[in-house]
Amino acid sequence: MIRVGIISDVHAFLEPMERALALLEGAGVDQLLCAGDLVDGGYEGDDVVRLLRQLDVPCVRGNHDEAMFVEQAALRRELKRTGAPDHPMLLKSETVAFVHSRPTRLDFEVQGVRVCVAHGTPTSNKRYLFPDAFEEWLDEVVADANADVVVLGHTHMPMALMHRDTLIVNPGSTAQNRTHPVTRTCGILTLPERKFDIYDIDTGQPHDPNTFDTDTW
């Protein structure tokens, strides 16, 4: 049995990510994964990336990670033009290079179980997949992933659903969940059983993904 701790949508907020990592470490996970969007939101992007690199956490490239390559270049030009010495959103060049170099998709196998990790969907880090998505969209994700488990982020909403014998999961966000702003979550995927548990990182308690209502998004 392998237990994989999963975080996503950190958005440059270090303290809640550290809470999630501590929770997952306390749960005795064997591996960590991040489903993207390490930066862009808070002011601690450098620290977030530094810690994930120290822990050697595999990460996929989120849409905000991708956008940073252009946005940071524009910010540097603006600071140079105005003569301003710094800006709280300015990231180190190595941070920008790291997040931009992450793959948009990771595929691996554990005891015969194929796992696909992406940010939005297996073919787009900008597309949202909510639990109440049209069946055709779910069919498309399952076909594109060609996996037994699909791990996604991007929505900031925890999810665990089975579609055509493929488990599709989302750990939510360590920064902020969209429909429950005070709730921040992470997940543990148990393989080969394909069991997914979601935890509130502030209380440490399990969280039912069905309590998150997409109608309020």
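One can find the structure itself at the top, above this paragraph.
Everything numeric here is computed off the predicted structure, so don't read it as measured data.

Turning to helix 4 (residues 93–101), a few remarks are in order. If you check which residues of helix 4 are buried, you get Thr95, Val96, Phe98 and Val99. Burial along helix 4 is one-sided: seen end-on, the buried residues are contained in an arc of 165°.

Attention shifts here to the sheet that holds strand 6 (residues 159–163). The strand order across the open sheet formed by 5 strands is 3-4-5-7-6, and the pairing between neighbours is mixed. Among the strands making up the open sheet, the edge pair consists of strand 3 (105–110) and strand 6. Along the sheet, successive strands turn relative to each other by an average axial angle of 20°, direction set aside. Inspection of the sheet shows strand 4 (residues 113–118) paired to strand 5 (residues 149–151) by 3 bridges, in the parallel sense. Across the sheet, residue Cys116 finds its bridge partner in strand 5, namely Val150.

To continue, consider the packing of aromatic side chains. Summed over the entire model, instances satisfying the criterion amount to 2 aromatic pairs. A centroid spacing of 5.8 Å and a plane angle of 5° characterise the contact between Tyr128 and Phe130, whose relative ring orientation is stacked. Take Tyr128: its relative accessible area is 28%, and that puts it in the partly exposed class. The class for Phe130 is buried, based on a relative accessible area of 12%. The interplanar angle of 85° and the centroid separation of 5.3 Å between the aromatic rings of Phe134 and Trp137 together place this pair among those described as edge-to-face.

Among the 6 residues of strand 1 (residues 2–7), 5 are classified as buried, and the element is accordingly described as predominantly covered. Two elements, strand 1 and strand 8 (residues 185–191), share 5 bridges in a ladder whose sense is antiparallel. Pairing of Ile2 across the sheet is with Leu191, part of strand 8. Here strand 1 runs beside strand 2 (residues 31–34); their pairing, made up of 4 bridges, is parallel.

Okay, helix 1 (residues 14–26) next. Note: α-helices contain 3.6 residues per turn, so residues at a spacing of three or four share the same orientation. Given a rise of 1.5 Å per residue, 13 residues ought to cover 18 Å, and the 18 Å separating the end C-alpha atoms of helix 1 matches this to within 8%. Taken as a whole, helix 1 has its buried residues at Leu14, Pro16, Met17, Ala20, Leu21, Leu23 and Leu24. Just past helix 1, the residue Gly28 takes up positive phi, approximately 75°.

With that settled, consider the sheet that holds strand 1. With respect to topology, 4 strands assemble into an open sheet ordered 2-1-8-9, the strand pairing being mixed. On the outer flanks of this sheet lie strand 2 and strand 9 (195–200), each paired with one strand and no other. Strand-to-strand twist of the sheet, defined as the mean angle between neighbouring strand axes without regard to direction, takes the value 25°. Two strands pair when backbone bridges link them, and strand 8 and strand 9 are joined in this way by 6 bridges, in the antiparallel orientation. Looking at strand 9, one finds that Gly187 is bridged to Ile198. Its contacts with the sheet put helix 1 on strand 1, strand 2, strand 8 and strand 9, and the angle it makes with strand 1 is roughly 170°.

This next bit is on the pattern of salt bridges. Considering all chains together, one arrives at 14 salt bridges under this definition. Here Asp202 makes a salt bridge to Arg19, at a shortest N to O gap of 3.8 Å. Residue Asp202 is located in the segment after strand 9, and its partner Arg19 is located in helix 1; the two are separated by 183 residues in the primary sequence. A relative accessible area of 37% means that Arg19 is categorised as partly exposed. We note a salt bridge from Glu140 to Arg127, for which the minimum N-O separation is 2.7 Å. A residue pair is termed long-range when its members are at least 10 positions apart, and Glu140 in helix 5 (residues 135–145) and Arg127 in the loop between strand 4 and helix 5 qualify at 13 residues. Salt bridges sharing common partners tie together Glu15, Arg19, Arg184 and Asp202.

On to the state of the cysteines, then. Structurally, a disulfide amounts to a covalent bond that connects the sulfur atoms of two cysteines. All chains considered together, the criterion is met by 0 disulfides. The thiol sulfur of Cys34 is not disulfide-bonded, and the nearest other cysteine sulfur, from Cys59, lies at 4.4 Å. For Cys34, a relative accessible area of 0% puts it in the buried group. For Cys59, a relative accessible area of 3% puts it in the buried group.

Cut-off values and rules
Residues numbered from 1 in each chain as written. Predicted model: local features only at pLDDT ≥ 70, side-chain atom pairs only at ≥ 80, totals over all residues. Heavy atoms only, no water. Buried < 20%, exposed > 50% of the residue type's maximum accessible area, 1.4 Å probe, protein only. Helix = DSSP H or I, 4+ residues; strand = E, 2+ residues; numbered from the N terminus. Arc of directions from axis to C-beta. Pairing = 2+ DSSP bridges. Axes fitted to C-alpha atoms, helices over the stretch in contact; angles between N-to-C directions. Phe/Tyr/Trp six-rings, centres within 6.5 Å; stacked < 30°, edge-to-face > 60°. Expected span 1.5 Å × (residues − 1). Contact = heavy atoms within 4.5 Å. Salt bridge = Lys/Arg side-chain N within 4 Å of Asp/Glu carboxyl O. Disulfide = S-S within 2.5 Å.

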